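The chain contents come next:
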Amino acid sequence: MIFTSTSFLIFFTLFYLLYWFVTNKNLRIQNLLLLAGSYFFYALADWRLLAFLVAVSALNYFLGIYIEKTENQLRKRLLLNVGLIQGLGGLIYFKYFNFFIASFNEVLQSLHFNVHVRTLQILLPLGISFFTFKTISYILDVYKGKIEATKDWLVFFNYVSFFPTILSGPIDKARAFVPQLQKKRVFEYSLAVDGMRQILWGMFKKVVIADNILVYTDQIFSNYGSLSGSTLLLGAFLYTIQLYADFSGYSDMAIGLGRLLGFNVAKNFNFPFFAQNIADFWRKWHISLTSWLTEYVFTPLSIAFRDYGKLGLILAILINFVLIGIWHGANWTFAVFGFLHGCYFIPLILRGTMNKRKKIAKGKVLPSFRESLNMGATFLLVMLANIIFRADNIGHAWGYFLSILSNPLFSFSTAGIEGINVNPHLLIMLGLSIVMLIFGWFQRNKEHALQFQDMKTSRAFRWSIYYLLAVAIIYYQSSYKQFIYFQF
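Since we're looking at a predicted model, the values are computed, not measured.

**Student:** Got a minute to help me understand the pattern of salt bridges in this structure?
**Tutor:** Side-chain pairs of opposite charge can arise whenever the charged atoms involved come near each other. Inspection of every chain in the model, using the stated rule, returns 15 salt bridges. Glu 68 is paired through a salt bridge with Lys 151; the nearest N and O atoms lie 2.7 Å apart. In this pair, Glu 68 is assigned in helix H3 (residues 50–69) and Lys 151 in the loop between helix H5 (128–143) and helix H6 (153–161), connecting sequence segments 83 residues apart. Beyond isolated ion pairs, a larger network of salt bridges with shared partners links Asp 141, Lys 146, Lys 173, Arg 175 and Glu 295.

Following this line, the structure appears as structure tokens:
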């Protein structure tokens, strides 16, 4: 049951009516309904591992309480380690165990040992990468005294399993989200309307752009050996747009759903394609993951390596981004993807400009020539790295890059993809992608692209935009395609 499906619309409509018109008088009953709705939503996605989600929530709930009240530092550290082992151990077992076995078998075969260790039939819990990071940050913050342990099990269980964000984030930290569960939520018309706008924008990006571009990216990446260099570059460009429209579309819908329920969910994207360098890009892309790893991985590492100067900073960045890559899944492509992004930071570190921030086109309608070059160069770096991210394996990625360089740049043949260069549907998708970027440019200082209320626009103009987006969503809705980040 994904956000763009009819079944979810029915579920959320019924849930919304109960949430605001039946249980709104009593916070505890409302939180009980929220938890029941979250578990129902998760069970429909993967009922066999609902018990695992409940067990993880229960363990970390009690760990937080005992970590806070334990005065013995050795015992406190032991309790923290239990939580870290459970969280990281769960990730390693469910996401990476078979990957380690397969890699081990490959090493043995390369050394001509006739040994084969069998992999296991492991069912990957949906959203494990997201709710695990929630529980880890929670017990770390309790251990460091940044927050008080949550004594209300209902509040904590809701924090872990909040259904708009459990499958693909954003990754809310407990210190920002738990207080919202502890106080009575009052329906705010303006907040709900803005949530609807953000959901509409997210659905447009997902249903109209990402799902339709998917057809071309799958074909291009599957037939890369027989296509021209320009078509392969087009495929990399399209996949970058698809990935952004798909994931930021999900985030927009999750945040919008949260607003409809009276919650402020963490912002996850801030128009990243207008970034001036790769550091700026990662401050705008998958913000909740980047800020999580910055706080709990990069900052401690940079402090530990500070005696090594810029070399220590480079090492901390490389480790941090390899972890970002591996977080996405058990494939060497993700590790290389993360390492490459870490390498992109090295010139910034050497020049001492990694943390410098500049507001693009400040006080101007259009960017300067230099700003445009910076945006283009940053996008190109991201696009090239996304070839590795999209590839099935390292050989696939390497072959794709070689084909870009060795195949003719332009080809009038239609081999591999019939009519790829003249397909009207593709041209429409490219045009709509440009429309998406233009909207983003003029709304780059807003939470999302449909926040028109403080602009000098007429009501007729705003509603015409809403109707056009809705018509496009209905017209292009063909089948319910899973979000890319569900696999992570």
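**Student:** Quick question: what am I supposed to make of the layout of surface pockets here?
**Tutor:** Think of a ball as big as a water molecule: rolled over the atoms, this probe shows where empty space is left. As a volume, the largest pocket reaches approximately 940 Å³. Lining the largest pocket we find 30 residues, and of these Met 196, Arg 197, Ile 199, Leu 200 and Met 203 sit closest to its centre. Of all the secondary structure elements, the ones that give two or more residues to the lining of the largest pocket are helix H1 (6–21), helix H8 (189–222), helix H9 (229–260) and helix H17 (459–476). For the lining of the largest pocket, a count of residues per class yields 21 nonpolar, six polar and three charged. Counted as a void, the second largest pocket has a volume near 620 Å³. As for the second largest pocket, its lining consists of 26 residues, and the residues nearest its centre are Ala 279, Asp 280, Trp 282, Arg 283 and Arg 357. Breaking the lining of the second largest pocket down by element, the ones donating at least two residues are helix H10 (278–284), helix H11 (287–304) and helix H12 (309–327). A breakdown of the residues in the lining of the second largest pocket according to their chemical character gives eleven nonpolar, eight polar and seven charged.

**Student:** What should I look at first to understand helix H4 (residues 73–110) in this one?
**Tutor:** Quick reminder: α-helices carry 3.6 residues per turn. Residues three or four places apart thus point the same way. Between its first and last C-alpha, H4 extends only 47 Å over 38 residues, short of the 56 Å set by a 1.5 Å rise per residue. Between the side-chain oxygen at the start of H4 and the backbone nitrogen of Leu 74 there is a gap of 3.0 Å, and the oxygen is on Asn 72. Phi turns positive, to about 65 degrees, at His 112, one or two residues after H4.

**Student:** I would appreciate a short explanation of empty space enclosed by the protein in the present structure.
**Tutor:** A full pass over the atoms with the stated rule returns five cavities of 30 Å³ or more. Roughly 150 Å³ of volume is contained in the largest cavity. Taken together, 18 residues make up the lining of the largest cavity; nearest its centre are Gln 198, Asp 252, Phe 269, Glu 447 and His 448. For the lining of the largest cavity, the secondary-structure elements that each account for two or more residues are H8 and H9. Split into classes, the residues belonging to the lining of the largest cavity amount to seven nonpolar, six polar and five charged.

**Student:** Explanation requested: the packing of aromatic side chains in the structure shown.
**Tutor:** Pairs of aromatic rings are described using the distance from one ring centre to the other and the angle between the two planes. By the definition in use, this model includes 63 aromatic pairs. Their ring planes at 50 degrees and their centres at 4.9 Å tell us that Phe 3 and Phe 8 sit as a pair that is tilted. Side by side, Phe 3 and Phe 8 carry an identical accessibility label, which is buried. On the numbers, 5.3 Å between centres and 20 degrees between planes, the contact of Phe 281 with Trp 285 is stacked. Judged by its relative accessible area of 2%, Phe 281 is buried. In this arrangement the basic side chain of Arg 444 is found over the ring face of Trp 441, its NZ or CZ atom lying 3.9 Å from the centre.

How each quantity is defined
Residues numbered from 1 in each chain as written. Predicted model: local features only at pLDDT ≥ 70, side-chain atom pairs only at ≥ 80, totals over all residues. Heavy atoms only, no water. Salt bridge = Lys/Arg side-chain N within 4 Å of Asp/Glu carboxyl O. Helix = DSSP H or I, 4+ residues; strand = E, 2+ residues; numbered from the N terminus. 1 Å grid on protein atoms, 1.4 Å probe; cavity = no way out; pocket = protein on both sides within 12 Å on 5 of 7 lines; lining within 4 Å. Points joined across faces, edges and corners; volume = space filled by probe spheres on them. Nonpolar A, V, L, I, M, F, W, Y, C, P; charged D, E, K, R; others polar. Expected span 1.5 Å × (residues − 1). Polar contact = N/O pair within 3.5 Å; in protein donor to acceptor, adjacent residues only side chain to side chain. Phe/Tyr/Trp six-rings, centres within 6.5 Å; stacked < 30°, edge-to-face > 60°. Buried < 20%, exposed > 50% of the residue type's maximum accessible area, 1.4 Å probe, protein only. Lys NZ or Arg CZ within 6 Å of the ring centre and 35° of its normal.

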